[in-house]
Amino acid sequence: MTHICIIQGHPDSRGGHLCHGLADAYREGAIEAGYQVSEVDIGGLTIDFVRNPDDMARPPNDTILQAQQRIVEAEHLMIIYPLWLGTMPALVKAFFEQAACGDFFLEKTEKAWPVGKLKGRSARLVVTMGMPAAAYRLVMGSHGVKGFESGILGIAGIGPIRETLYGNVEGSQRTRTKWLAKMRDLGARAR
């Protein structure tokens, strides 16, 4: 594995959020280990919403085409976003809907089940949240994360998909320092 694409899903592209720090640590670890790293900053993109299913068949705009190219070139994706209202922010969902346009994720076949076009790629999904991660898993069932993993990444053929959920993000600096070290290690191992 030589190429990693980090998809930064925090809608505020100014930086300074935990998602940015975790992605930076992951990138640093990956680069130090000799991996090539590209990035897509969703918050910095102008993204339209798909309003008609017919729009999915058309190629997306040039900005999304560039993001698709970075995804195609990568063997591993690191996707990070904050949990908002139990799932990904609307801008992240809009990005992946646009990225799916032009049959980018799915191959057209006569089969009843779609064939994913992104086989051979793995992913690390990192989600930050204010509530305890255990509560999100046990009480809420992680439905937002599970839906993204199976309904977008999995159906596109990406796998394995590993996840890291960080809860109580307003907690101690000591805990955040541990999280940053873990992300640096995961980046160094392209995991």
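Overview of the structure. As the structure is a computational prediction, the values presented were derived from the model and not from experiment.

Here we come to the pairing of strand 6 (residues 122–128). Counting buried positions along strand 6 gives seven out of seven residues, so the element sits mostly inside the fold. Bridge count between strand 3 (residues 76–82) and strand 6: seven bridges; the pairing is parallel. By the bridge assignment, His76 is partnered in strand 6 with Ser122. Both strand 6 and strand 7 (residues 161–166) contribute to a ladder of six bridges, which runs parallel. Across the sheet, the residue bridging to Val127 is Leu165, located in strand 7.

Attention shifts here to the state of the cysteines. With the rule as written, the count across this model stands at zero disulfides. Between Cys5, a free cysteine, and Cys19, which holds the nearest cysteine sulfur, the sulfur-to-sulfur gap is 16 Å. What makes Cys5 buried here is its relative accessible area of 0%.

For helix 2 (residues 62–73), built from 12 residues, the straight-helix expectation of 16 Å at 1.5 Å per residue is met to within 8% by its first-to-last C-alpha distance of 17 Å. By the burial criterion, the buried members of helix 2 are Ile64, Ala67, Gln68 and Ile71. The arc that holds every buried residue of helix 2, seen down its axis, measures 105 degrees, which confines them to one face. The N-cap residue of helix 2 is Asn61: its side-chain oxygen and the backbone nitrogen of Thr63 are 3.0 Å apart.

Quick notes on the rules
Residues numbered from 1 in each chain as written. Predicted model: local features only at pLDDT ≥ 70, side-chain atom pairs only at ≥ 80, totals over all residues. Heavy atoms only, no water. Buried < 20%, exposed > 50% of the residue type's maximum accessible area, 1.4 Å probe, protein only. Helix = DSSP H or I, 4+ residues; strand = E, 2+ residues; numbered from the N terminus. Pairing = 2+ DSSP bridges. Disulfide = S-S within 2.5 Å. Expected span 1.5 Å × (residues − 1). Arc of directions from axis to C-beta. Polar contact = N/O pair within 3.5 Å; in protein donor to acceptor, adjacent residues only side chain to side chain.

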